[in-house]
Amino acid sequence: MPPKDGKSAKKKGGKISKAERERLQREADEQRLREEEEARLVAEREENERLERERIEQEKQQLLELKDRERREDELNELRHILDENHSAVATWESECRNKAKWERYMRCDGSPDPAVQPEINSFISLWREDSETQIEKVLENCALALQLIDELDFLLSEGPEPCTAQQYQETVICLQSINLSKLNQATEELLKFANSSSDIESGNMQTVVQDDNITLCLWANLNKNPRFKGYRFEEVGLGFELPKPLAVSDIAVRILHTRYDHLSHHSEREQVQRRRSMMEGFLTGGPSESAAEVQDGKIEGEGDEGESSKQVEEESRSVRSESRKRSAVSVISSKEGRKSSSIKLLEEGESQMEGIATSLEADQNGSNPSKAELVFDSADIHIVDLQQFTPLGGVFYFDVFHLPPQSHIVKGWEMRELLETGLQVFPYPTEQSSTSVSLDEHSSTVVSLPVEVTVALPDSIMFLEGPQVARWDPIGQHWRTDCISETNYDAETRSISFQMNAFYAFTLLQESYANMPFQSWELRPLGKDSALFTITGALTEVSITIKGKQCMLQMEETKDLDHILGKWMSPSELQKAMRRAGINIFVNEYSDKYVSINSKDPLIEHTVYEQMALMSSAVAFSWSRWNTQCGQEHLVLQACEQLEAVPVAEEMWSLYLLGAQRNQHLKMKEHDNSFSAELAEGSEFHSTFLHMLRQDMSIEGQARVRQSHYLYTDTIQRLLCATRVLTYS
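What you see is a predicted model; the values in this text were computed from it and never measured. (Residues numbered from 1 in each chain as written. Predicted model: local features only at pLDDT ≥ 70, side-chain atom pairs only at ≥ 80, totals over all residues. Heavy atoms only, no water.)

A.B. asks: Would you mind showing me how to read the overall build of the chain here?
C.D. replies: When helices and strands are tallied, the chain shows 18 helices and 25 strands. When each of the 730 residues of the chain is scored for burial, the buried share is 45%. Looking at the chain alone, contacts between residues at least 24 apart form 67% of all its contacts between residues at least 6 apart. About 38,100 Å² of surface is accessible on the chain, with carbon and sulfur atoms providing 50% of the total. (Helix = DSSP H or I, 4+ residues; strand = E, 2+ residues; numbered from the N terminus. Buried < 20%, exposed > 50% of the residue type's maximum accessible area, 1.4 Å probe, protein only. Contact = heavy atoms within 4.5 Å. Areas by Shrake-Rupley, 256 points an atom, 1.4 Å probe, with all protein chains shown as cover.)

Encoded structure:
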């Protein structure tokens, strides 16, 4: 019995009464209500606090905007005044330099003609054309003088002379180039006339090399006619060739003439520029099909007129772009709201003449009109080289085969020679004897000529970022072409390339113009008063340019072959030309965005920022930002900070700036934040110009250095920034 009582008591004690359950439920409901009320009160309080913060922020924002509007006109006027003063000073300095150069040219007493004076240059051309001198040393001397005159004329053309004067200069350039090659051919013939007197004892053939700073002439005369002859290599210059058997037993001479200048590409550039212009005019006049037909038939307006030369077309394009740049960046800022029609039109004409046409064509769903890319280079022949996409480097290699001139014979003590008045005669190749029939299938066959092989050591003065491509010159179509070339083999260790061609052609080495783009990063930091270091990390290599006053100096690591430009001070224009010739292109033009994936920005806003960066570059460092790709076309994001010492900028010192046409602001966020925020930095204000935005946090010393910056230094920085357009091409 006792155990039963205990068990019963346990069951009774574990059972909760109904009243107890109701009490516990009430307490739980009350607790829940209290918690809900507390949560509601907290949420209400937080919402009120948020609304209050937003109200305060809005009031603060309105106050800052009001303050910005009140001083906007003063800031714009001050910036406009600074830019106008600098522009005027630079224009005056350039005018004085031109006048000084003209006077020095006039006073030069070295016997060379002034190419800008038509009677002088005409007399020189006439006398040189009639000169019977064929000795190679004297010919090279005269050719070097002609090249100097051509360089002078190119410089005069780059200054944008009057159209009639530009045509005169261009005709003179073409004439000098033509005589230059003609004289080299005459000198080649003279050397070949006496080939037997210079024959090699071992091979029985004649081989010789003549070179100076401008050309390398390699000659081989087939005196022995050995059927087992394969080829010859001119070891001292790294050039060589191999011949098929029919040529090895022929009375021929082979020439490889390497000119370190390029007098062929401008013919192709002229045709391509005229093609683009004709197409654009056709679309503007509403006749694309007619224009396309004209292009295809080769009936481009003005094609036969030497006045419509490539230089003139380039000068016209340059003048349009120059006019657009003369438009004050400040006025662009102050009239942003009303420029959607007029300024955009001006922008498209100056910065990218094809942009508006291509954009409107993309909206056409019929697909009958050419695409944007086709507007840049429209050709049915895929083998024609687009000289906007590829750049010839290292000059031109003229690879020719000639009939060997009659050699002298000694008869009874007399030296007898047959004299011909035909000049240097090209040996026709391929011939029927040098061709073989190849069966395509059982019903058809084709005739294929035996190829000739060439080996070229890459010029030491050129940096090929990638393996070079080979193109041959088409004298009929006036183009570089990539067909008829096979078995190309590039050896990176020996820096040499070998290939085969089905005939003898002039050829050149090509590199993609924008192989180093888009840029991975960039930085511009001061090194002192009127001195800065501009570093661009490209897709394949890093380039650094030191700027001091109006001079620039290229610096690169791990480069042995560019001693002729590395560490040399030169002007911005000279530096750009030297870098392009050396294969280091970081500069853009109006067609570049058709070949490079870019971060599209409003070019007028971009140009405005470059102007102000140049003004501040003596005391402020600038760098790229990954957020620049995420702020839209109408805004720019970059990093900046005051930097008065010539040392690298510490990572924590950088600040982010959001720039637009109407407003510039210092951002609270940092470069490595996870998300973008346009929140204003503490204590910062809105400004209408980037210049005043940077000034608000600068030290007195920094502001003094900026005020003392020389206008030529500022102009040099601005030229480099506008030439590279790092805010768009990074």
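A.B. asks: I would appreciate a short explanation of the sheet that holds strand S6 (residues 390–403) in the present structure.
C.D. replies: On the basis of which strands lie adjacent, the open sheet formed by 7 strands has the order S1-S2-S5-S6-S16-S12-S13 and antiparallel pairing. Where the open sheet ends on each side, the last strands, each with one partner, are strand S1 (206–211) and strand S13 (479–481). Across this sheet, the average inter-strand angle for adjacent strands is 25 degrees, counted without regard to direction. Of the pairings in the sheet, the one linking S1 to strand S2 (residues 215–221) comprises 6 bridges and is antiparallel in character. By the bridge assignment, threonine 208 is partnered in S2 with leucine 219. (Pairing = 2+ DSSP bridges. Axes fitted to C-alpha atoms, helices over the stretch in contact; angles between N-to-C directions.)

A.B. asks: How should I be thinking about the pattern of salt bridges in this particular structure?
C.D. replies: Overall, the coordinates contain 24 salt bridges when judged by the stated rule. Among the ionic pairs, arginine 23 bridges to glutamate 27, the shortest N-O distance being 2.6 Å. Of this pair, arginine 23 and glutamate 27 both sit in helix H2 (residues 18–107), 4 residues apart, which is roughly one turn of that helix. Residue glutamate 27 is classed as partly exposed on the basis of its relative accessible area, which comes to 38%. Of the charged contacts in the structure, one is a salt bridge between glutamate 523 and arginine 525, with a shortest N-O distance of 3.5 Å. For glutamate 523, a relative accessible area of 24% corresponds to the partly exposed category. If you follow the salt bridges from partner to partner, you end up with Glu20, Arg23 and Glu27 in one network. (Salt bridge = Lys/Arg side-chain N within 4 Å of Asp/Glu carboxyl O.)

A.B. asks: I keep staring at unusual backbone geometry and nothing clicks. Help me out?
C.D. replies: The bulk of non-glycine residues show a negative phi, and the bulk of peptide bonds are trans. Looking along the chain, the bond that leaves tyrosine 429 and enters proline 430 is cis, with omega of 5 degrees. Take proline 430: it is sitting in the loop between strand S8 (414–416) and strand S9 (435–439). Looking along the chain, the bond that leaves methionine 517 and enters proline 518 is cis, with omega of -5 degrees. Checked against the element boundaries, proline 518 lands in the loop between strand S16 (506–512) and strand S17 (521–528).

A.B. asks: When you look at the layout of surface pockets in this model, what are you seeing that I'm missing?
C.D. replies: In this model, the second largest pocket occupies a volume close to 630 Å³. Around the second largest pocket sit 29 residues that line it, and Leu181, Leu264, Tyr398, Trp473 and Ala506 are the ones nearest its centre. Sorting the residues of the lining of the second largest pocket by element identifies helix H5 (163–193), strand S5 (252–259) and S6 as the ones contributing at least two each. Its residues assigned to classes, the lining of the second largest pocket shows 19 nonpolar, 8 polar and 2 charged. (1 Å grid on protein atoms, 1.4 Å probe; cavity = no way out; pocket = protein on both sides within 12 Å on 5 of 7 lines; lining within 4 Å. Points joined across faces, edges and corners; volume = space filled by probe spheres on them. Nonpolar A, V, L, I, M, F, W, Y, C, P; charged D, E, K, R; others polar.)

A.B. asks: Sorry if this is basic, but what is going on with the sheet that holds strand S21 (residues 569–570) here?
C.D. replies: Judged by pairing direction, the sheet is antiparallel, and its 9 strands sit side by side in the order S21-S20-S19-S18-S17-S22-S23-S24-S25 without closing on themselves. Lying at the two open borders of the sheet, with one neighbouring strand each, are S21 and strand S25 (664–666). As judged from the 7 bridges shared by S17 and strand S18 (residues 531–537), these two strands associate in the antiparallel manner. The partner of arginine 525 across the bridge, within S18, is leucine 533. On the sheet, helix H15 (residues 603–616) packs against S17, strand S22 (620–623), strand S23 (636–642) and strand S24 (655–659) and is oriented at approximately 5 degrees with respect to S23.

A.B. asks: It is not clear to me how the nonpolar core should be interpreted in this structure. Could you clarify?
C.D. replies: Most often, soluble globular proteins keep nonpolar side chains buried together rather than apart. In this structure, Phe534, Ile545, Leu554, Phe622 and Phe690 are the most contacted members of the largest nonpolar core, which totals 63 residues. The greatest single-element share of this core, amounting to 7 residues, is contributed by H15. If we skip the residues at most four places from it in the chain, phenylalanine 622 touches Trp522, Glu523, Leu524, Met613, Met616, Ser617, Leu638, Gln639, Ala640, Trp654, Phe690 and Leu694. By size, the runner-up hydrophobic cluster in this structure holds 46 residues, among which are Ile150, Tyr261, Val396 and Leu404. (Core = buried A, V, L, I, M, F, W, Y, C linked by side-chain atoms within 4.5 Å.)

A.B. asks: Where do I start with the pairing of strand S14 (residues 485–491) in this structure?
C.D. replies: A regular strand places its side chains on the two faces of the sheet in alternate fashion. Pairing analysis gives 5 bridges linking S14 to strand S15 (residues 496–501), with the strands arranged antiparallel. When the bridges of S15 are listed, serine 486 appears paired with glutamine 500. Linkage of S14 to S15, two consecutive antiparallel strands, is achieved through a turn of 4 residues, within which arginine 495 is found at a positive phi near 50 degrees.

A.B. asks: Explain the packing of aromatic side chains here, please?
C.D. replies: Evaluated as defined, the whole model comprises 15 aromatic pairs. Look at phenylalanine 234 and phenylalanine 241: their rings are 6.4 Å apart centre to centre, the planes differ by 40 degrees, and that puts the pair in the tilted class. For phenylalanine 241, a relative accessible area of 3% corresponds to the buried category. Ring pairing ties together the aromatic residues Trp220, Phe229, Tyr232, Phe234 and Phe241, which thus form one cluster. It is arginine 472 that lies over the ring of tyrosine 505; its NZ or CZ is 4.5 Å from the centre. One residue, arginine 663, lies across the ring of phenylalanine 686, its end atom 4.4 Å from the ring centre. (Phe/Tyr/Trp six-rings, centres within 6.5 Å; stacked < 30°, edge-to-face > 60°. Lys NZ or Arg CZ within 6 Å of the ring centre and 35° of its normal.)

A.B. asks: Would you mind going over the confidence of the model for the chain with me for this structure?
C.D. replies: A low pLDDT means the predicted coordinates there should not be read in detail. Per-residue confidence for the chain averages 82 on the pLDDT scale, and 81% of its residues sit at or above 70. For the stretch residues 287–329, pLDDT sits under 50, and the model shows 70 contacts to residues farther than four places along the chain or on other chains. Low pLDDT, under 50, characterises residues 437–441; the predicted model gives this stretch 10 contacts beyond four residues in sequence or across chains. (pLDDT = per-residue confidence, 0-100.)

A.B. asks: Help me out: how do you make sense of the pairing of S6 in this one?
C.D. replies: In terms of burial, S6 is largely enclosed, as 11 of its 14 residues are buried. Bridging between S5 and S6 involves 8 bridges; their strand directions are antiparallel. Residue pairing in the sheet places alanine 253 in a bridge with phenylalanine 402 of S6.

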